[in-house]
Each structure stands twice: as C-alpha cells, then as structure tokens.
Amino acid sequence: MLPTPDCLRCGVCCFSKLETYVRVTGDDWTRLGPMAERVAQFIGNKAYMQMRDGHCAALEPRAAADGTRQYFCAIYAKRPETCRELARGSPQCEGEIARKGARPSASDISAGR
Ligand code: SF4
Ligand code: SF4
C-alpha cells in the first residue's frame, strides 16, 4: 500500500458531488463567525459547507512552483468538526483515497483561487 500523502498534496476528503457533504453544526457556524455566510449555506433546516467544482468551496487547489498541485483549506483554523475528526492515515482517510483518489487530479485549477 502507498504511504499516506501529506494533506496539502492530497485534498481528496474535501471532494464530493453532494451538496450535503460537510455538515456545519451550530457550534461550527459560531466558530466561523462572519465568514459563515460566505462559505456555508442552509439546505432545509441544516447548514453545510458550500460545494463548488466538485469540492468544498473552502478548498483552494493551487499549482505549486514546481508544477505539482497543492490543496489549501482557506478556513483551516475554523473548519467544521467533521473535518477535524477525519484523521490523516485513519481508515476513513484511506477509504476516501481509495474511493475518490482520482478526483483532485481531474479537477481544474484556477490560478490564485
Ligand atoms: S485526511 Fe487523508 S484524504 Fe484527507 S487530505 Fe489528508 S491524506 Fe487526503
Ligand atoms: S472546510 Fe476545509 S477541510 Fe473541511 S472539507 Fe472544506 S476545504 Fe476540506
């Protein structure tokens, strides 16, 4: 099995086609503060991170100077609890990579986004 990549080089668990992929609880919304309205949205009576281009809207795919891709979470310090619970190298992380590993490399990268 391949070693678990650095999260910055991976980003896989931030990809989904579901609008209800990343739940934002009341505590998460409070932690996000004024930026909550920009990155999260209500669907029905529950809040979720907005999704864009097949991944969480807070994920910033960038082209590094060496030509590789990097995946930044723009709200890392304030990210929802569900993101905090997914530990790198955990069975859930490995499952994400097994299921969706090709998605980041298939996604478009917009410079400076
Ligand atoms: S937690 Fe796992 S799946 Fe998520 S970015 Fe890090 S290495 Fe990739
Ligand atoms: S909030 Fe950050 S860590 Fe969580 S899914 Fe979005 S980009 Fe990934």
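Before reading further, recall that the structure is shown in the block above.
Just so you know, these numbers come straight off a predicted model, no measurement behind them.

Caption draft 1: Fine view of the overall build of the protein chain. Assigned secondary structure in the protein chain consists of five helices and seven strands. Over its C-alpha trace the protein chain gives a radius of gyration of 14 Å, about what one expects of a compact globule, namely 13 Å for 113 residues. In terms of overall dimensions, the protein chain has C-alpha extents of about 40 × 35 × 25 Å along its principal axes. Burial analysis of the protein chain (113 residues in total) assigns 33% to the buried set. Look at the contacts in the protein chain between residues 6 or more apart in sequence, and 64% of them connect residues 24 or more apart.

Caption draft 2: Expanded view of the layout of surface pockets. Within this model, the largest pocket holds a volume of roughly 680 Å³. Considering the residues around the largest pocket, the lining is formed by 32 residues, among which Cys7, Cys13, Cys14, Cys83 and Leu86 are closest to the centre. Breaking the lining of the largest pocket down by element, the ones donating at least two residues are strand E7 (69-73), helix H3 (81-85) and helix H4 (91-100). Class assignment for the residues of the lining of the largest pocket results in 24 nonpolar, four polar and four charged.

Caption draft 3: Focus on the site of ligand 2. Cys14, Val22, Cys56, Ala58, Leu59, Cys73, Ile75, Pro80 and Cys83 make up every residue found near ligand 2. Spatially, ligand 2 is embedded in the largest pocket. When grouped by side-chain class, the residues that make up the shell around ligand 2 number nine nonpolar, no polar and no charged.

Caption draft 4: Quick peek at the site of ligand 1. Neighbouring ligand 1 are the residues Thr4, Pro5, Cys7, Cys10, Gly11, Cys13, Leu86, Arg88, Cys93 and Ile97. If you map ligand 1 onto the pockets, it falls in the largest pocket.

Definitions and limits used
Numbers given to residues run from 1 along each chain, matching the order in which its sequence is written. Here every chain gets a letter starting at A, and every ligand a number starting at 1, in the order they are written. Given that this is a predicted model, residues contribute local features only at a pLDDT of at least 70 and side-chain atom pairs are listed and counted only at 80 or more, while totals for whole chains, interfaces and linings are drawn from all residues. Here the side-chain values reflect all heavy atoms present in the structure, with hydrogen atoms and water set aside. Every helix listed is a DSSP run of H or I at least four residues long, and every strand listed is a run of E at least two residues long, numbered separately from the N terminus. Radius of gyration here uses only the C-alpha atoms, and the compact-globule reference equals 2.2 Å multiplied by the residue count raised to the power 0.38. Throughout, exposure labels follow a simple rule: accessible area from a 1.4 Å probe, protein chains only, divided by the maximum for the residue type, with under 20% read as buried, over 50% as exposed, and the rest as partly exposed. When checking whether two residues touch, look at their non-hydrogen atoms; a contact exists if any pair is within 4.5 Å. Cavities and pockets were defined on a 1 Å grid built from protein atoms only: a cavity is a group of points that admits a 1.4 Å probe but offers it no way out, a pocket is an open group of points flanked by protein on both sides within 12 Å along at least five of seven lines, and a lining residue is one with an atom within 4 Å of any such point. Grid points are joined across faces, edges and corners, and a volume is the space filled by probe spheres set on the points. Residues are sorted three ways: Asp, Glu, Lys and Arg are charged, Ala, Val, Leu, Ile, Met, Phe, Trp, Tyr, Cys and Pro are nonpolar, and all the rest, Gly among them, are polar. Any residue with a heavy atom positioned within 4 Å of a molecule or strand is treated as near that molecule or strand. In this scheme, a molecule is assigned to a cavity or pocket if more than half of its atoms are within 2 Å of the grid points.

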